[in-house]
Amino acid sequence: MAFTPSKMVSTAKAEDGYLEKKSNAYLDDKTKNAGNKNYTKYARDVDTKAKGLLNGKKQGTSYCAVGYIWATCVNCGWDLKKVRKVLCFDGSKDDGAGAAGAELFANYFKAKKRYDKKPEVGCPVFFNHDGGTKPQHVGMVISITDKQIKTQEWNTKKNGKGGVFQKTYAKTNKKIVGYGHPKFDKESTEKPKEEKKEDNVPTKVVKASQPANKSSQSLNKSFKVKKETSIRDGASANAKALTTVPKGASVRCFGFYSVVNTVEWIYVQYIKDSICYQGFICGKEVT
């Protein structure tokens, strides 16, 4: 399963507006049971699906880094070996059980020289709100312009509510103290394959103005045209020709026909140049 920046951003954006809960109830609902006790589906999933990944259970604790780690787990298919690799949880600092506090989370990237001042989409961005340099909070960079970054952040506030929200910062904002760089897989450069257009698929229908009168199951089949002839607007040789049909071509009858002066006119369908013609052909001219 590919772990790419675009997939991380897509996962993060889908969580926008999630409100943290006051208890373990309604963890999967974005807005129900809102509170300020740090109960979330992110901590629940990491605690239960990623046992041993982090140092202790995280439900009911600050979850800014946990949210980023959760998104990583989702995009690695909960393959903990891969999660440890991409987040630099390689045991060099903690015997494999990663820490989820912002400062300690940043330290894994620092240890692998994957921490700097350069923003990149999908990467964690670390903040200090007190004027210092030690990370106190972390979000995910979801877009970058010449002067700004946009983030998706877990364990943040908007309109007085705690949860997952997007924010925008100037690149020069002093609260930004650094960026971590996970070991992403390469984005696919392959263009989505276009569906091959089948030959002669009708895009337009030209239909006779007169209906057929009778139905016969025995006529529910394809016929070959004996010689060049026409599909007509009505059951008559004098009716307007809708199109010509060459000798040997196939026409399809779905059982409907009309008999005029003892001559059977079969109601057929014929596709030509992506146009579906539906009208009458003399029964004597097909076999």
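Scroll up for the structure.
Nothing here was measured: the structure is a model prediction, and the numbers come from that model.

Scoring rules and cut-offs
Residues numbered from 1 in each chain as written. Predicted model: local features only at pLDDT ≥ 70, side-chain atom pairs only at ≥ 80, totals over all residues. Heavy atoms only, no water. Helix = DSSP H or I, 4+ residues; strand = E, 2+ residues; numbered from the N terminus. Buried < 20%, exposed > 50% of the residue type's maximum accessible area, 1.4 Å probe, protein only. Polar contact = N/O pair within 3.5 Å; in protein donor to acceptor, adjacent residues only side chain to side chain. Contact = heavy atoms within 4.5 Å. Pairing = 2+ DSSP bridges. Core = buried A, V, L, I, M, F, W, Y, C linked by side-chain atoms within 4.5 Å. Expected span 1.5 Å × (residues − 1). Axes fitted to C-alpha atoms, helices over the stretch in contact; angles between N-to-C directions. Parallel < 35°, antiparallel > 145°, perpendicular 65-115°, else oblique. Left-handed = near helix turned anticlockwise from the far one by under 90°. Nonpolar A, V, L, I, M, F, W, Y, C, P; charged D, E, K, R; others polar.

(A) Molecular detail of the side chain of His 137. Mapping His 137 onto the fold places it in strand S3 (residues 137–144). Given the relative accessible area of 8%, His 137 is considered buried. Among the polar contacts listed, one links the side chain of His 137 to the side chain of Glu 153, at a separation of 2.8 Å. When sequence neighbours within four positions are dropped, the list of residues in contact with His 137 reads Cys 64, Ala 102, Val 125, Phe 126, Phe 127, His 129, Glu 153, Trp 154, Asn 155 and Thr 156.

(B) Spatial organisation of the pairing of S3. Within S3, six of the eight residues are buried, which leaves it mostly tucked inside the rest of the structure. Of the pairings in the sheet, the one linking strand S2 (residues 124–127) to S3 comprises four bridges and is antiparallel in character. Bridge pairing in S3 links Val 125 to Gly 139. Counted along the chain from S3 to the antiparallel partner strand S4 (residues 148–158), the turn is three residues long.

(C) Molecular detail of the nonpolar core. Within the largest apolar cluster, 41 residues are counted, with the highest numbers of intra-cluster contacts made by Ile 69, Leu 87, Phe 105 and Met 140. Residue contacts for Leu 87: discarding those within four places in its chain leaves Tyr 68, Ile 69, Thr 72, Phe 105, Tyr 108, Phe 109 and Pro 182. Core analysis: the next-biggest nonpolar cluster, separate from the first, contains 22 residues, Val 225, Ala 235, Ile 266 and Val 286 among them.

(D) Representation of helix H3 (residues 64–75) in the model. For H3, with 12 residues, the first-to-last C-alpha span of 17 Å sits near the 16 Å given by 1.5 Å per residue. Of all 12 residues in H3, 11 are buried, a share of seventy percent or more. Within H3 the residues assigned to the buried category are Cys 64, Ala 65, Val 66, Gly 67, Tyr 68, Ile 69, Trp 70, Ala 71, Thr 72, Cys 73 and Asn 75. Downstream of H3 by a residue or two, Gly 77 has a phi angle that is positive, lying close to 65°.

(E) Expanded view of the packing of helix H2 (residues 41–49) against H3. The geometry of H2 relative to H3 is characterised by a closest axis approach of 9 Å and an angle of 60° between their N-to-C directions. Put simply, H2 runs oblique to H3. Remark: the crossing between H2 and H3 carries left-handed chirality. Where H2 abuts H3, its residues Lys 41, Tyr 42, Ala 43, Asp 45 and Val 46 lie against Val 66, Gly 67 and Trp 70. Class assignment for the residues of the contact of H2 with H3 results in five nonpolar, one polar and two charged.

(F) Looking closely at the packing of helix H1 (residues 5–13) against H3. The contact between H1 and H3 brings their axes to 10 Å, and the two run at 120°. If you check the angle between H1 and H3, you find them oblique. The chirality of how H1 crosses H3 is right-handed. Counted together, Lys 7, Met 8 and Thr 11 of H1 and Tyr 68, Trp 70, Ala 71, Thr 72, Val 74 and Asn 75 of H3 form the full contact between these two elements. Its residues assigned to classes, the contact of H1 with H3 comprises five nonpolar, three polar and one charged.

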